[in-house]
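Observations on the model geometry
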Amino acid sequence: MAEEEKKSLNFLEQIVEEDLQSGKHGGRVLTRFPPEPNGYLHIGHAKSICLNFGLAAKYGGQTNLRFDDTNPEKEETEYVDSIKADVRWLGFEWAGEELYASNYFESLYQFAVTLIKKGLAYVDDQTSEQIASQKGNPNFPGEDSPYRYRTVEENLDLFSRMRAGEFGDGAKVLRAKIDMAHPNMHMRDPLMYRIKHAPHHRTGDTWCIYPMYDFAHGQSDSIEEITHSVCTLEFDVHRPLYEWFIEKLGIYPSHQYEFARLNLTHTVMSKRKLLQLVNEGVVNGWDDPRMPTISALRRRGFTPASIRNFCEKIGVAKRDNLIDVGVLDYCVREDLNKLATRVMAVLDPIKVVITNYPTDEVEELQVENNPEDENSGSRTVPFSREIYIEKDDFMEVPMKKFFRLGPGLMVRLKGAYIIKCDDFVKDEFGNITELHCSYIPESRSGSDTSGINVKGTIHWVSIQHAVKAEVRVYDRLLILEDASQVGDDFKKFINPDSLTVIPEVFVEPSLKEAKVGTNYQFMRKGYFCLDPDATAEHLVFNRTVGLKDTWVKEKSK
RNA sequence: UGACCGAUGGUGUAAUGGUAACACUACAGUUUUUGGUACUGUCAUUCAUGGUUCGAAUCCAUGUCGGUUAACCA
């Protein structure tokens, strides 16, 4: 038996394997994906999802889906539903029911009481401005709050009255008593609770005090006995605090590990910036196919497998990275090449009359559905005397290496006959409006006895059978490669051609049956799928991604 | 300027003290009834300087550069 090639492990897998070996968590692996329900998931989240679910699955563990819903002012049920749908669509299943940090509000409250009793937390009456000014700065230590040395009894009393709703928003906060001179700013008596008289999407008006991220996330991990809490690099500086709370509370020792989040060229990834694009109408909603959101990628025709492969391919490490969107394109093409049915569609038509073909004849030609899949079968495509071909498949003065149509040149019509261009018609402006060709009757596809070899094969659509459709072609959102260099100025670099609508193209009749969710390859043009905007009378196709085109390069030489 | 994280080809990710690998891109070919797919080939002495060692991308020191961090956001 051949030696199985040992695939190298990423740093998280190494940690898990070490922990498994040392029996750190009793051989258990439980991860979690903890989105805040305040926006839609994007491809960066997909990386995290694949990481968390993939890591657990690889080592026989499970993954919790836990909504980090500690800020009632920003969070909504609508987002909960879309996030669940996106995770499922990506192909992952979380352990049991979805969970919520808000499930633990009572436990969290009790944790806070415990810390107060230990003299490790206190109620502060100052304004946020006062507290901020006492924080000091990275070079200078902060100063203690005048309320820092309240008695345990007073803190207990005040905290319970905070919960009871006796104080207004912002009147008081609960802070951890750590060290106002700590070199890590997050350890300078961080806030644990704030007062918000706001209804929560799950707990309604049960609470008017809500825990901060730092006093909710780690404790939730611990309550669920998460073994490996994987998050992005910016939380690295929070880790000492994460560990401080767990240690002082003496609760389950979950551990946090950080990885570098995904950055894509020509794209912005932060929820805030994506929300801006939506709110300002730069795009038509969260699922506009130009967006890097999961819902947009789905609408655009990306498959779950292609996104999972992408996440696998880009790897995971701790250094900053900027992945070329071309890698994402590659991953969809790779997947779609194997499963997309090939069809013919002419996006920029020119009429061709096959002068020696009988006027009334229609042939039903058999065309294979997918040369990459021998089980895909074939379909029937009507052929007749008048067809459309792509305008740029003809050149009046063919350049060298142009293997298509030109005066006197021959091409194969895909699945049909070889034709020869005998003549062309120009209008008064000199535009070519029509080609006159003759076909070689013996060259019929599958029973070709003509002995003629042509270098080019082009797609076509029979005019009388053609179905009209709209096509939407997408390009990168930003003209700029690295959006991190311009910050909030990114909108100056929006690609004006990120969406091109072609109102009327001609597609073969089989596409009348096209369904949302099915991927097609328009031969020689790219991968397309039906948009949800489509109706039976008005077909709309999104271009998922173009085919690799080496001719454009050749042409420009 | 404090703390923390990081630095390997154009881009990512490996190599875990034993002589830089894989993928993408680019380029050059072969095959092809999609100028697609598939296949073949070409493209780096690892941020710098010192040190440890028979041997360093890997360990140590110093420096340089990049990132994160000082919300009653997560």
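Residues numbered from 1 in each chain as written. Chains lettered and ligands numbered in written order. Predicted model: local features only at pLDDT ≥ 70, side-chain atom pairs only at ≥ 80, totals over all residues. Heavy atoms only, no water.

Looking at an unreviewed UniProt entry, one finds chain A named Glutamine--tRNA ligase and attributed to Arcicella rosea. One UniProt comment on chain A, placed under Subcellular location (unreviewed entry), says "Cytoplasm". Under the heading Subunit (unreviewed entry), UniProt records this for chain A: "Monomer." (UniProt positions renumbered as here; feature names shortened; annotations may be inferred.)

Things to note about the overall build of chain A
Counting its regular elements, chain A contains 13 helices and 25 strands. In terms of principal-axis extent, the alpha carbons of chain A reach across some 100 × 65 × 45 Å. Counting every position in chain A, which comprises 557 residues, the buried fraction comes to 51%. A fraction of 71% describes how many contacts in chain A between residues 6 or more apart in sequence connect residues 24 or more apart. Here chain A has roughly 25800 Å² of accessible surface; of this, 48% comes from carbon and sulfur atoms. Separation of charge centres in chain A, based on 69 positive and 87 negative side chains, amounts to 3 Å. (Helix = DSSP H or I, 4+ residues; strand = E, 2+ residues; numbered from the N terminus. Buried < 20%, exposed > 50% of the residue type's maximum accessible area, 1.4 Å probe, protein only. Contact = heavy atoms within 4.5 Å. Areas by Shrake-Rupley, 256 points an atom, 1.4 Å probe, with all protein chains shown as cover. Lys, Arg positive; Asp, Glu negative; His and termini not counted. Charge placed at Lys NZ, Arg CZ, Asp CG, Glu CD.)

Some remarks on the sheet that holds strand β6 (residues 191-195)
Spatial ordering of the open sheet is given by β4-β5-β6-β7, a layout of four strands whose pairing is antiparallel. Of all strands in the sheet, those with a lone pairing partner are β4 (121-124) and β7 (209-211), marking the two edges. Ignoring strand direction, the axes of neighbouring strands in this sheet form an average angle of 20°. Bridge analysis of β4 against strand β5 (residues 173-176) gives four bridges, and the strand direction is antiparallel. Bridged to aspartate 124 within β5 is valine 173. Against the sheet, helix α4 (residues 105-117) touches β4, β5, β6 and β7, its axis set at about 120° to β6. Contacts from helix α6 (residues 152-163) reach β4, β5, β6 and β7, with the element oriented near 60° to β4. (Pairing = 2+ DSSP bridges. Axes fitted to C-alpha atoms, helices over the stretch in contact; angles between N-to-C directions.)

Remarks on the domain arrangement of chain A
Split into domains, chain A comes out as domain 1 (27-259), domain 2 (264-341 + 469-555) and domain 3 (345-459). Put simply, the middle of domain 1 and the middle of domain 2, counted by C-alpha atoms, are 35 Å apart. Contacts between domain 1 and domain 2 engage 22 residues on the former and 26 residues on the latter. Buried surface at the junction of domain 1 and domain 2, both sides included, amounts to about 2000 Å², of which 71% is carbon and sulfur. Note that arginine 298 is salt-bridged to aspartate 86, the shortest N-O span being 3.0 Å. Summed over the shared surface of domain 1 and domain 2, the number is seven residue pairs in polar contact (both at pLDDT 80 or more). Where the side of domain 1 that touches domain 2 is concerned, the elements lending two or more residues are α2 (43-58), α3 (77-89) and β9 (255-259). In terms of residue count, the dominant contributor to the side of domain 1 that touches domain 2 is α2 (seven residues). Broken down by class, the residue content of the side of domain 1 that touches domain 2 amounts to 12 nonpolar, five polar and five charged. (Domains from an automatic or database assignment. Buried area = accessible area lost by both parts, 1.4 Å probe. Salt bridge = Lys/Arg side-chain N within 4 Å of Asp/Glu carboxyl O. Polar contact = N/O pair within 3.5 Å; in protein donor to acceptor, adjacent residues only side chain to side chain. Nonpolar A, V, L, I, M, F, W, Y, C, P; charged D, E, K, R; others polar.)

Side note on empty space enclosed by the protein
Scanning the entire structure with this criterion turns up one cavity of 30 Å³ or more. The volume enclosed by the largest cavity comes to roughly 40 Å³. For the largest cavity, the full set of lining residues is Tyr213, Asp214, His217, Gly218, His238, Tyr242 and Gln256. Counted by class, the lining of the largest cavity contains two nonpolar, four polar and one charged residues. (1 Å grid on protein atoms, 1.4 Å probe; cavity = no way out; pocket = protein on both sides within 12 Å on 5 of 7 lines; lining within 4 Å. Points joined across faces, edges and corners; volume = space filled by probe spheres on them.)

Considering the nonpolar core
Grouped burial of nonpolar side chains is what soluble globular proteins tend to show. Residues Phe159, Leu174, Met192, Tyr193, Ile209 and Phe215 are the most contacted members of the largest nonpolar core, which totals 37 residues. Looking at this core, the element that brings in the most residues is α4, giving eight residues. Within the second largest apolar cluster, 35 residues are counted, among which are Ile43, Val80, Phe92 and Val325. (Core = buried A, V, L, I, M, F, W, Y, C linked by side-chain atoms within 4.5 Å.)

Comments concerning α3
Compared with an ideal rise of 1.5 Å per residue, which puts 13 residues at 18 Å, α3 spans 18 Å between its outermost C-alpha atoms and is within 8% of the ideal. Every buried residue of α3 is listed here: Tyr79, Val80, Ser82, Ile83, Lys84, Asp86 and Val87. Next to the buried residues of α3 lie β1 (30-33), α2, β2 (62-67), β3 (99-100) and α10 (294-300). Taken from the residues just after α3, glycine 91 is the one with a positive phi, measuring 105°. (Expected span 1.5 Å × (residues − 1).)

Notes on the protein's contact with RNA strand B
Close contacts around RNA strand B come from 67 residues, with Gln14, Asn139, Arg319, Arg342 and Gln521 the closest. Considering RNA strand B, the proportion of its atoms within 4 Å of the protein that are sugar or phosphate atoms stands at 64%. For RNA strand B, a phosphate oxygen lies 2.5 Å from a polar atom in the side chain of arginine 319. Contacts to RNA strand B include lysine 414, whose side-chain N or O atom sits 3.0 Å from a sugar or linking oxygen. When residues of the surface near RNA strand B are traced back to their parent elements, those giving at least two are β6, α11 (304-314), α12 (325-339) and α13 (550-555). Residues of the surface near RNA strand B, tallied by class, amount to 22 nonpolar, 22 polar and 23 charged. (Near = heavy atom within 4 Å.)

Quick word on the layout of surface pockets
The computed volume of the largest pocket comes to approximately 1400 Å³. Around the largest pocket, the lining comprises 48 residues; the ones closest to its centre are Glu36, Asn38, Glu234, Phe235 and Lys271. Split into classes, the residues belonging to the lining of the largest pocket amount to 20 nonpolar, 16 polar and 12 charged. The residues that make up the lining of the largest pocket include at least three from each of domain 1 (27-259) and domain 2 (264-341 + 469-555).

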